[in-house]
Amino acid sequence: MRGCLPVLLALSLSSYAATISISTESQTFTKGVPFIVEVVIGGREVTGIDLPECEGASIGRAPAYSSSAFQDVNGTITSTITLGYNVTPDRAGAIVIPPFKAVADGETVSSQDLRITVMDAPKPADSTARSTSGDRALFTEIKTDKLEAYQGEPIILTMEVWIGEGAAVRYEPTGFPELTGFYALPRDVASEGRALERHETRDGRNYKVVPFVQILFPAQSGELRIGPWTWSCSIAFGGRARSRDVKTNPFSINVKPLPPPPQGFSGSVGKYQITSSLSAPSTDVGVPSMLTVNVSGNGNPDAIGLPALPAIDGLYIDEPKRKDNAISAGPAGQDFVFKITPQRAGDIEIPAISYTYFDPELGSYQTAQTNPLVLLVRGAKKEEQVVVGAGGEFKKESLGSDILDIVPSTRTLAPEHNLTVPTMLGFGAPVVAYLAFGIALRRQRRFATDRAYARKYGALKRASELLEKARQSRKSADVLYHAVTGYVADEFDLPETGMTSAEARLFFSSQRVPDDIAEPFHKILKACERARYAASELSADEVDALIQGAKTGMERLDQFLRQGRAA
């Protein structure tokens, strides 16, 4: 197949011999790894180029980069056109790249041929997927630690940029892979990117390697696609600078479904452990203590469900508070803090707490357990205090740290008088009506021309209406999620696509939204993500609490943004 690149360069009529030459930066390459053949054409007017067919390699039809230079020598204007073509070797061994041809100054000129040596690519482990794109000066590589996994099993996705020694590169990732069907931890959490830079040698050449790592969790079974990874960069090598777009090929991961789950399974896939501890070994009757249950492992921390506590005679147990453990080199997990209040004296045993998870290495469900604990409870100490007020003295009894005291008021009850001054509106009514009409007309025009203003104006109302629908919806987590992310998108004029809880936290930080306003949004989105990921529905109480929290958070954010806009 032949391609033609028309180039129109009008130059002087002086005689000048047209030329064409081709070159590569090396004579040794790796099978399957693209490299650049640089074509340099000299002449007054170049009207086309013919690309050869190469046995054992494929040549890209369009140039990866191009540049041109002009020169005036004794009144004769000449030009030099430089084109770079990607060539991908299909086999190992000796390969001859045939001459390139161009039509310049009305005649056809041919380059010399090139002889190169192609080596077999190093074989990765059988469980690794790998896709490489670029040439010896700079290339990218994307790989996973496995090609087959269970639903919810962690997969490590590694994206690397290999920069050849002596090359000056300015680069920026313009398109991270599309990961449809995966739950992905943010890149800034999964790895530190540049902090992990290293130096390696491949095919006799030294490289600086810049890695980016993500942890993926397949959210469904079947063939899931990891899309191409695109980089745009400016590279200077051998004194020449050029722009380059590098793009890897997509590949698929085979995801197996989980076996039918046992009762109590919340969606955790990996290897997990569970521990428990008390804030103090002893307490008094009616005085709460804290029971912390930690679940940690190498799976998705957002898929960790609430451990089930059995009913314990003599203890009142409040709803737990969930605390995320920061992702680090060790296992990630969740702390669940229960406030437990003893109702009798004596030794109260807290039995072993179980947690069920799926172990992908064993291919079966496993159960981890805590060790039993004993809480020593002393008898209650009744405290009385005498409080003197205007109406005499009364006894104040301490009922418990979580119960507020009832103190009689000493104020005299009487109706409060709120006097208003009559206002004469008859004279000012026409003026007020005229001003109101002008304001309404101006606002209508702004709605039609300012999309961002129109979205902000109705954001809170639209989100509140959608929140109310979550009470009756069978998929309350989805409705809540879209209400919150839609509100944020409207307020900041963002694309109408959902953001993750981690992305919301990073976005609010970039907008300098105070933590006390931003954090409720992060927690609500995270609760919705847990429910959606584990394919379970929120309870009615959870939905009510999340709706109330969302309404309060939206009102506070709306007030904060209004104050900022007014300032």
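Treat the numbers as computed from the prediction; the structure is a model and nothing was measured.

Cut-off values and rules
- Residues numbered from 1 in each chain as written.
- Predicted model: local features only at pLDDT ≥ 70, side-chain atom pairs only at ≥ 80, totals over all residues.
- Heavy atoms only, no water.
- Helix = DSSP H or I, 4+ residues; strand = E, 2+ residues; numbered from the N terminus.
- Buried < 20%, exposed > 50% of the residue type's maximum accessible area, 1.4 Å probe, protein only.
- Areas by Shrake-Rupley, 256 points an atom, 1.4 Å probe, with all protein chains shown as cover.
- Salt bridge = Lys/Arg side-chain N within 4 Å of Asp/Glu carboxyl O.
- Pairing = 2+ DSSP bridges.
- Axes fitted to C-alpha atoms, helices over the stretch in contact; angles between N-to-C directions.
- Core = buried A, V, L, I, M, F, W, Y, C linked by side-chain atoms within 4.5 Å.
- Contact = heavy atoms within 4.5 Å.
- Arc of directions from axis to C-beta.
- Parallel < 35°, antiparallel > 145°, perpendicular 65-115°, else oblique.
- Nonpolar A, V, L, I, M, F, W, Y, C, P; charged D, E, K, R; others polar.
- Phe/Tyr/Trp six-rings, centres within 6.5 Å; stacked < 30°, edge-to-face > 60°.
- Lys NZ or Arg CZ within 6 Å of the ring centre and 35° of its normal.
- Expected span 1.5 Å × (residues − 1).

Caption draft 1: Expanded view of the overall build of the protein. Counting its secondary structure elements, the protein contains eight helices and 35 strands. Relative to its 567 residues, the protein shows a buried fraction of 41%. For the protein, the exposed surface amounts to about 31,800 Å²; the carbon and sulfur share of it is 53%.

Caption draft 2: Representation of the pattern of salt bridges in the model. Enumeration according to the criterion identifies 17 salt bridges in this entry. Note that glutamate 160 is salt-bridged to lysine 143, the shortest N-O span being 3.8 Å. Here lysine 143 lies in strand S13 (residues 138-144) and glutamate 160 lies in strand S15 (residues 155-164), a separation of 17 residues in the sequence. Neither glutamate 160 nor lysine 143 differs from the other in exposure class; each is buried. The partner of glutamate 468 in a salt bridge is arginine 471, and the shortest N-O contact between them spans 3.1 Å. Here the residues in one salt-bridge network are Lys143, Glu160, Arg198 and Glu200, joined through shared partners.

Caption draft 3: A look at the sheet that holds strand S9 (residues 101-104). Strand order in the open sheet formed by three strands is S4-S9-S10, with antiparallel pairing between adjacent strands. Two strands lie at the open edges of the sheet, namely strand S4 (46-50) and strand S10 (107-110), each paired on one side alone. Direction aside, the axes of adjacent strands within the sheet are offset by 25 degrees on average. Summarising the sheet, S9 and S10 pair through four bridges and their orientation is antiparallel. Pairing of lysine 101 across the sheet is with serine 110, part of S10.

Caption draft 4: View of the nonpolar core. Counting residues in hydrophobic clusters, the biggest one holds 35 residues, and the most contacted among them are Phe492, Phe508 and Leu557. Those elements that place two or more of their residues in this core are helix H4 (459-469), helix H5 (476-492), helix H6 (501-510), helix H7 (515-533) and helix H8 (540-566). For this core, the element with the highest residue contribution is H5, accounting for 10 residues. Not counting residues within four places of it along the chain, the set of residues in contact with leucine 557 comprises Tyr487, Phe492, Phe508, Val513, Ile517 and Phe521.

Caption draft 5: Quick peek at the pairing of strand S23 (residues 251-256). Because side chains alternate across S23, one face comprises the buried residues Phe251, Ile253 and Val255, and the other comprises Ser252, Asn254 and Lys256, none of which is buried. Pairing of strand S14 (residues 148-150) with S23, which is carried by three bridges, proceeds in the parallel orientation. Paired with tyrosine 150 across the strands is lysine 256, a residue of S23. Pairing of strand S20 (residues 222-226) with S23 involves five bridges; the strand directions are antiparallel. Bridging across to S23, isoleucine 226 finds its partner in phenylalanine 251.

Caption draft 6: Spotlight on H4. Within the span of H4, buried status applies to Ala459, Ala463 and Leu467. When H4 is viewed along its axis, its buried side chains cluster within an angular range of 60 degrees and face the same direction. Exposed and facing more than 90 degrees away from the buried side of H4 are Lys461 and Lys469.

Caption draft 7: Structural detail: the environment of isoleucine 340. Relative to the elements of secondary structure, isoleucine 340 occurs in strand S29 (residues 332-342). Since its relative accessible area comes to 0%, isoleucine 340 is described here as buried. Separated by 23 residues in sequence, isoleucine 340 and isoleucine 317 have C-alpha atoms that sit 4.6 Å apart.

Caption draft 8: Representation of the packing of H4 against H5. Running from amino to carboxyl end, H4 crosses H5 at an angle of 175 degrees, the nearest separation of the two axes being 9 Å. Classified by the angle their axes make, H4 and H5 are roughly antiparallel. Within the contact between the two elements, H4 uses Ala459, Leu460, Arg462, Ala463, Leu466, Leu467 and Lys469 and H5 uses Val479, Leu480, His482, Ala483, Tyr487, Asp490 and Glu491. Looking at the contact of H4 with H5 residue by residue, the class counts come to nine nonpolar, one polar and four charged.

Caption draft 9: Structural view of the packing of aromatic side chains. According to the stated counting rule, one finds 12 aromatic pairs in the structure shown. Taking the centre distance of 5.7 Å and the plane angle of 50 degrees together, the rings of tyrosine 272 and tyrosine 357 count as tilted. You can see tyrosine 272 sitting in strand S24 (residues 272-278) and its partner tyrosine 357 sitting in strand S31 (residues 354-359), a full 85 residues away along the chain. Note on accessibility: tyrosine 272 and tyrosine 357 belong to one class, buried. Their ring planes at 65 degrees and their centres at 6.2 Å tell us that phenylalanine 492 and phenylalanine 508 sit as a pair that is edge-to-face. Of this pair, phenylalanine 492 sits in helix H5 while phenylalanine 508 sits in helix H6, and the two are 16 residues apart along the sequence. By relative accessible area, which is 1% here, phenylalanine 508 ends up buried. In this arrangement the basic side chain of arginine 202 is found over the ring face of tryptophan 162, its NZ or CZ atom lying 4.1 Å from the centre. Looking at lysine 256, its charged tip hangs above the ring of tyrosine 150, at a distance of 4.2 Å from the centre.

Caption draft 10: Representation of H5 within the structure. When the terminal C-alpha atoms of H5 are compared, their 24 Å separation across 17 residues agrees well with the 24 Å that a helix rising 1.5 Å per residue should span. Burial of H5 is extensive: 14 of the 17 residues sit out of reach of the surface. Of the residues one or two after H5, aspartate 493 is the one with positive phi, at around 55 degrees.

Caption draft 11: Structural context of the sheet that holds S23. The sheet built from three strands is open, its strands ordered S14-S23-S20 with mixed pairing. With partners counted over all chains shown, the strands left at the sheet margins are S14 and S20, one partner each. Going across the sheet, the axis of each strand differs from the next one's by a mean of 35 degrees, ignoring polarity.

Caption draft 12: Spotlight on the environment of valine 543. Mapped onto the secondary structure, valine 543 falls in helix H8. As for valine 543 and alanine 470, which are separated by 73 residues in sequence, their C-alpha atoms are 7.5 Å apart. Once you skip the residues sitting within four places of it in the chain, valine 543 turns out to touch Ala470, Arg471, Ser476 and Leu538.

Caption draft 13: Local environment of the side chain of aspartate 318. Within the secondary structure, aspartate 318 sits in the loop between strand S27 (315-317) and strand S28 (321-324). Setting aside its immediate chain neighbours within four residues, aspartate 318 contacts Phe338 and Lys339.

Caption draft 14: Main features of the pairing of strand S3 (residues 35-43). Burial analysis of S3 places eight of its nine residues in the buried class, which makes it a mostly covered element. Pairing of strand S1 (residues 19-23) with S3, which is carried by five bridges, proceeds in the antiparallel orientation. Within S3, the position partnered with isoleucine 22 by the bridge is valine 39.

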